[in-house]
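Fold and contact review
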Amino acid sequence: MRISVPSLPGRPGRTLAGAAIALAGLLAAASPAATAPAATAAPTTPTTTAAAALAPPDIPLANVKGHLTQFQSIAAANGGNRAHGRPGYRASLDYVKAKLDAAGYTTTIQQFTSGGATGYNLIADWPGGDTNQVLMAGAHLDSVTTGAGINDNGSGSAAVLETALAVSRAGLQPTKHLRFGWWGAEEVGLVGSRYYVNNLPAADRSRISSYLNFDMIGSPNPGYFVYDDDVELEKVFKDYFGGLGVATEIETEGDGRSDHASFKNVGIRVGGLFTGAGRTKTAAQVQKWGGTAGQAFDRCYHSSCDTTANISDTALDRNSDAVAHAIWTLGTGVVVPPGDVYENTADVSIPDNGAAVTSTVTVSGRTGNAPPTLSVGVDIRHTYRGDLVIDLLAPDGTAYRLKNSSTNDSADNVIATYTVNASAEAANGAWKLRVQDVGPQDTGYINSWKLTF
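Basis of the calculations
- Residues numbered from 1 in each chain as written.
- Predicted model: local features only at pLDDT ≥ 70, side-chain atom pairs only at ≥ 80, totals over all residues.
- Heavy atoms only, no water.
- pLDDT = per-residue confidence, 0-100.
- Contact = heavy atoms within 4.5 Å.
- Phe/Tyr/Trp six-rings, centres within 6.5 Å; stacked < 30°, edge-to-face > 60°.
- Helix = DSSP H or I, 4+ residues; strand = E, 2+ residues; numbered from the N terminus.
- Buried < 20%, exposed > 50% of the residue type's maximum accessible area, 1.4 Å probe, protein only.
- Lys NZ or Arg CZ within 6 Å of the ring centre and 35° of its normal.
- Axes fitted to C-alpha atoms, helices over the stretch in contact; angles between N-to-C directions.
- Parallel < 35°, antiparallel > 145°, perpendicular 65-115°, else oblique.
- Left-handed = near helix turned anticlockwise from the far one by under 90°.
- Nonpolar A, V, L, I, M, F, W, Y, C, P; charged D, E, K, R; others polar.
- Pairing = 2+ DSSP bridges.
- Core = buried A, V, L, I, M, F, W, Y, C linked by side-chain atoms within 4.5 Å.

What about the confidence of the model for the chain?
Averaged over all residues, the pLDDT of the chain equals 88, while 87% of them reach at least 70. Here residues 4-52 is a poorly scored stretch, pLDDT under 50, and it has 94 contacts once near neighbours within four places are set aside; other chains count.

Some thoughts on the packing of aromatic side chains
As enumerated under the stated definition, the model contains 18 aromatic pairs in all. An angle of 90° between the planes, with centres 5.4 Å apart, marks the rings of Phe225 and Phe297 as edge-to-face. Placement of the pair is Phe225 in strand 6 (residues 225-226) and Phe297 in the loop between helix 8 (283-289) and helix 9 (313-332), with a sequence separation of 72 residues. A residue is classified by how much of its surface remains accessible, and Phe225, at 8% relative accessible area, is buried. The lysine or arginine in question, Arg82, covers the ring of Phe71, its NZ or CZ lying 4.8 Å from the ring centre.

A few points about the packing of helix 3 (residues 150-170) against helix 9
Two numbers describe how helix 3 lies on helix 9: the axes approach to 9 Å, and their chain directions differ by 50°. The angle between helix 3 and helix 9 places the two elements in the oblique class. Of the two possible hands of crossing, helix 3 and helix 9 adopt the one that is right-handed. In this structure, helix 3 contributes Ser155, Ala159, Thr163, Ala166, Val167 and Ala170 to the contact, and helix 9 contributes Leu316, Ser320, Val323, Ala324, Ile327 and Trp328. Looking at the contact of helix 3 with helix 9 residue by residue, the classes come out as 9 nonpolar, 3 polar and no charged.

Some thoughts on the sheet that holds strand 13 (residues 388-393)
Reading across the sheet, the 4 strands line up as 11-16-13-14 and stay open at both edges, with antiparallel pairing between neighbours. Only two strands of the sheet have a single partner each, and these edge strands are strand 11 (357-363) and strand 14 (399-403). Sheet twist, expressed as the average angle between the axes of neighbouring strands with direction ignored, equals 20°. Relative to strand 16 (residues 429-437), strand 11 runs antiparallel, the two being bridged by 7 bridges. Across the sheet, residue Val361 finds its bridge partner in strand 16, namely Trp431.

So, the nonpolar core
In this structure, Leu100, Phe180, Trp182 and Leu212 are the most contacted members of the largest nonpolar core, which totals 66 residues. If we ignore the near neighbours within four places in the chain, the residues touching Leu100 are Tyr105, Thr107, Leu122, Ala124, Leu161, Ala164, Leu165 and Trp182. Residues Ala370, Ile380, Leu402 and Ala427 belong to the second largest nonpolar core, which totals 30 residues.

Some remarks on the environment of Pro220
Mapped onto the fold, Pro220 is located in the loop between strand 5 (208-214) and strand 6. For the pair formed by Pro220 and Thr275, sequence separation is 55 residues and the distance between their alpha carbons is 8.7 Å. Those residues within four positions of Pro220 in sequence are excluded, and the remaining contacts are Asn151, Phe297, Asp298, Asn310, Ile311 and Ser312.

Rendered as structure tokens:
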């Protein structure tokens, strides 16, 4: 995980990077009027289906730790680290690539430049599955220059690698196309993952149905944190841990600081796992998870002591199995047709600490009521999402709360998909997204939103 920048005074968690919206590139989707309904898309038929998701395998902890041992050895042979632009990084990438090539993956090395040094991403595609619905999982492979980076982020890289190898061992025939990525130069600003998404053609970018990120999943004083950027993806992980009897919390420490942000910022659904970095574990969290209160989740975060000794086997084992659970659950289930989409892409400015604004989508030509699983896709560009309150308003004015304000929600932007039980509402009529900024010092706008029936 990359180092965060200092907070601005007067607002916990606000970063200098988020102090202003980068308007370039974000306004391209503007349309004439905020109340103009979009055209209706015809439903499509899924090309492949499966009767049910297949049972995921148990990921062998010994295999995952074996990869970590290799990363440690690579660092030791290359100046003590695996950082961007250093030989240890390329040796780590070559190790991962060789494993994937032998397992039958199609691998691609993507090259970029950052800070005057050459960086590399590694992309691996498993044959088969619907290439119009790509399920992608990834982790950053680079360390900081001060150490081998075994928890940060050998842990995520190793778990994703071993899950990919488990796909091969199982001869998995997924319904979605599976793609895995290992990112370079994350520690210097998410450079590799951002380069990847920015250089994808728009059509290819739209085919990525979800991206799952795994950064620091073996912290020695671990918590069990789940990304809450997408409710469906969040539920997959929470259900897995619930089955183990392990409580989870929403992940906030890494918001905007790992590679999922690169995908989220271009409108791709994201999810993932995290076991904590420099923040300290509370007494209440010790009651949930054990460990030591008042101590950092990872005392060796970005330090030379981030070695193979800096890993919780229990956390690494649980989270590695959770990676496989997500790939099997999301990748082998029934491919659901996208449904009819009604969208408004007009920009609507959100007043700072002011009155609520609305954007309207008009639905017509349908019969009966809205579905119990009405999908509401929201893309709001904002410098502090914690101040935003978001509601869906049905044609009769009934409000469905999508998001509350929260002082613990310190990231920027809201790019998420919500599911609403709107079965009591008539489908046809003027549906509205209502957004209010309830705190000062913010700027933002509704970029677009859509209903999928």
